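Chains, contacts and geometry: an overview
Here is what each chain is made of, one letter per residue.
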Amino acid sequence: MENNDFFTQEEHKQLILLYKRLLRLSKDTLQKDDCHKLKTHLVKAMAEGTIPRNVFQMNPIIKDMQTAVIVAEEIGMRRASILGIMLHESVKYNLCSLESVKEEYGEDVAGIIRGLVKINELYSKSPIIESENFRNLLLSFAEDMRVILIIIADRVNLMRQIKDSPNEEARLEVANEAAYLYAPLAHKLGLYKLKSELEDLSLKYTQHDVYYHIKEKLNATKQARDRYIEAFIEPIRKKLEDAGLKFHMKGRTKSIHSIYQKMKKQGCPFEGVYDLFAIRIILDSPLEKEKQECWQAYSIVTDMYLPNPKRLRDWLSVPKSNGYESLHITVMGPEGKWVEVQIRTERMDEIAEKGLAAHWRYKGIKGESGLDEWLNSIRETLENSDSDMEAMDQFKLDLYRTRYSYLLLKATCTNCRKGLPCSTLPFLSTPTWDAAVRVPASTGKMYSSARN
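Procedures and definitions
- Residues numbered from 1 in each chain as written.
- Predicted model: local features only at pLDDT ≥ 70, side-chain atom pairs only at ≥ 80, totals over all residues.
- Heavy atoms only, no water.
- Salt bridge = Lys/Arg side-chain N within 4 Å of Asp/Glu carboxyl O.
- Helix = DSSP H or I, 4+ residues; strand = E, 2+ residues; numbered from the N terminus.
- Buried < 20%, exposed > 50% of the residue type's maximum accessible area, 1.4 Å probe, protein only.
- 1 Å grid on protein atoms, 1.4 Å probe; cavity = no way out; pocket = protein on both sides within 12 Å on 5 of 7 lines; lining within 4 Å.
- Points joined across faces, edges and corners; volume = space filled by probe spheres on them.
- Nonpolar A, V, L, I, M, F, W, Y, C, P; charged D, E, K, R; others polar.
- Pairing = 2+ DSSP bridges.
- Axes fitted to C-alpha atoms, helices over the stretch in contact; angles between N-to-C directions.
- Contact = heavy atoms within 4.5 Å.
- Phe/Tyr/Trp six-rings, centres within 6.5 Å; stacked < 30°, edge-to-face > 60°.
- Lys NZ or Arg CZ within 6 Å of the ring centre and 35° of its normal.
- Parallel < 35°, antiparallel > 145°, perpendicular 65-115°, else oblique.
- Left-handed = near helix turned anticlockwise from the far one by under 90°.
- Expected span 1.5 Å × (residues − 1).
- Bend = angle between axes of the 7 residues up to and from the residue.
- Polar contact = N/O pair within 3.5 Å; in protein donor to acceptor, adjacent residues only side chain to side chain.

In this structure the tally under the stated criterion is 25 salt bridges. Two residues, R237 and E234, come together in a salt bridge whose shortest N-O distance is 2.5 Å. Of this pair, R237 and E234 both sit in helix α12 (residues 222–242), separated by three residues, roughly a single helical turn. A relative accessible area of 22% places R237 in the partly exposed class. Residue E234 is classed as partly exposed on the basis of its relative accessible area, which comes to 37%. R280 is the partner of D349 in a salt bridge, and the nearest nitrogen-oxygen pair spans 3.8 Å. Of this pair, D349 sits in helix α15 (residues 346–354) while R280 sits in strand β2 (residues 277–283), and the two are 69 residues apart along the sequence. Classification of R280 as buried rests on a relative accessible area of 7%.

So, in structure tokens, the structure goes:
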């Protein structure tokens, strides 16, 4: 796929690597001649040169391939989703018709493209997505719920790629949308890894100093944290081995966004957050013994360390609506520190990483066929309540409360009153933070109305 005008030298290298990676990820689901037909479409798109770069000057074919890799590798979707991503720009810019796509690749692919084109139209009419048209956005997806997963992957890809963009205004807009729209969507669908990445990158772009303040603190305390984790898990490891369980364990540092939320909620600096990490026990259990062995591991952990019964979360007996299963318990570890322990199986761990896609794959749905039940479950999950709209409204309220807390801190801190750097939370004394806590008047009015 050569076209010197369409690709820079670096982009051409990316193209080859991404194309090979996509083939490797999707070869078991692609139909005969799919690759040849797709390559022909892409060569035509490059020759026509009518598909523009976006506001960040990203090459459209490279961008779509990167999104397709995320969809295949990190969510677990294959043929129809990959082809839909790679062809939707051609349909949007009239290089081919939906009808021709349907004839060549099937209704499955055409339906996904139809949804993606509708989203593009929605964005052109309303570039900034607000809660009042959020339901309209969801209705655009009604034909095929995989479109939701694709736009989440597309936003993750966009957030990964724009770190060096000089277009600060566009990056802030994209980052704010990621925080109040796409991260809640990813959370509700069980895509916890992608949800955390969206939240962290959003914080990095919107509150740069806060993000790096916490990151530097984490780096400075990493060695001590690693030593503590090893001391905590070593006796548990021995007991689990003695019990004949197959497993692996790891310590997982909580996301920067999660730590920042704890700092705000508890009104404390980084040093005041005690649960910076969680221990994960992942069991290699046969399906019929999963619950038994998880509770066996739970018993071993709580025999060794004093548990806090108020912090037990049992998603084994009743999994979350997005398929998430796990046992969470907080115990008193060495040095009197509280430690969260998560117990799950390999199957449960993949569902926790890839959400509903993995959940339904384990239920026997293979490839791109037999997806009705899975797609209906996504629709039901999203339509279950108003929690997505509430999440967006809550984001706005949090901005107002953050500003209120910030002004209160400025008023009570001795240094702040003298115009010196804040002695309580140093990163609060920066122009970036000052800009970050400026809230639109409409948000303040909304908060006042809610309060009165």
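Back to the text.
Its volume calculated, the second largest pocket comes out at about 1,200 Å³. Around the second largest pocket sit 32 residues that line it, and K195, R252, K254, S258 and Q342 are the ones nearest its centre. Mapped by element, the contributors of at least two residues to the lining of the second largest pocket are α10 (192–206), α13 (256–266), β3 (306–314), β4 (327–332), β5 (338–345) and α15. A class-by-class count of the residues in the lining of the second largest pocket yields six nonpolar, ten polar and 16 charged.

As a further point, take the sheet that holds β3. By way of backbone hydrogen bonds, the strands of a sheet pair with one another, either parallel or antiparallel. The strand order across the open sheet formed by five strands is β1-β2-β5-β4-β3, and the pairing between neighbours is mixed. Either end of the sheet is taken by a strand with one partner, and the two such strands are β1 (247–253) and β3. On average, adjacent strands in this sheet sit at an angle of 20° to one another, irrespective of strand direction. Two elements, β2 and β5, share six bridges in a ladder whose sense is parallel. Bridge assignment links L283 to a residue of β5, and that residue is T345. Helix α14 (residues 290–304) contacts β2, β3, β4 and β5 of the sheet and is inclined by roughly 160° relative to β5.

Before going further, it helps to spend a moment on the packing of aromatic side chains. For the structure on display, the rule yields seven aromatic pairs. Centroid distance F6 to F7: 5.1 Å. Interplanar angle 70°. Geometry classified as edge-to-face. Using a relative accessible area of 5% as the deciding quantity, one classes F7 as buried. Ring geometry for Y192 against Y324: centres 5.2 Å apart, planes inclined by 85°, an arrangement best described as edge-to-face. Of the two residues, Y192 is situated in helix α10 and Y324 in the loop between β3 and β4; the sequence distance between them amounts to 132 residues. Grouping residues by exposure puts Y192 and Y324 together as buried. Among the aromatic side chains, those forming a connected cluster through ring pairs are Y192, W315 and Y324. Against the face of Y105 rests K37, its NZ or CZ located 4.9 Å from the ring centre.

On to the packing of helix α9 (residues 168–188) against α10. α10 packs onto α9 with a crossing angle of 150° between their chain directions and a minimal axis gap of 8 Å. Our classification of the angle between α9 and α10 gives roughly antiparallel. In terms of crossing hand, the pair formed by α9 and α10 is left-handed. Contacts between α9 and α10 involve E168, R171, L172, A175, N176, A178, A179, Y182, A183, A186 and H187 from the first element and Y192, K195, L198, E199, S202, Y205 and T206 from the second. In terms of residue class, the contact of α9 with α10 is built from ten nonpolar, four polar and four charged.

Our next topic: helix α4 (residues 79–92). Along an α-helix, residues three or four apart share an orientation, since each turn contains 3.6 residues. An ideal rise of 1.5 Å per residue puts 20 Å on 14 residues; α4 measures up with 20 Å between its terminal C-alpha atoms. Remark: the principal bend of α4, roughly 35°, maps to M86. In terms of residue burial, α4 counts as a mostly covered element, since 13 of its 14 residues are buried. At the exit of α4 stands N94, carrying a positive phi of roughly 60°.

Applying the stated criterion across every chain yields a total of two cavities of 30 Å³ or more. Approximately 100 Å³ is the volume attributed to the largest cavity. For the largest cavity, the full set of lining residues is Y19, L22, L23, S26, L30, D34, C35, L38, M65, I82, L83 and M86. In terms of residue count, helix α1 (residues 9–26) provides more of the lining of the largest cavity than any other element does, four residues in total. Partitioned by chemical class, the residues of the lining of the largest cavity number ten nonpolar, one polar and one charged. Taken as a whole, the second largest cavity spans an internal volume of roughly 50 Å³. Taken together, L42, A45, I51, P60, I61, D64, M86, E89 and S90 form the lining of the second largest cavity. Counting only elements with at least two residues in the lining of the second largest cavity, the list comes to α2 (34–48), α3 (60–75) and α4. Split by residue class, the lining of the second largest cavity holds six nonpolar, one polar and two charged.

With that settled, the discussion passes to the environment of R160. Structurally, R160 is set in helix α8 (residues 146–161). According to the relative accessible area criterion, R160 is partly exposed, its value standing at 26%. Expressed as a C-alpha distance, the spacing of R160 and L198, which sit 38 residues apart in the sequence, is 8.9 Å. Engagement of the side chain of R160 in a polar contact is seen with the side chain of E197, the distance being 2.6 Å.

Distances and angles like these do not, on their own, reveal function.
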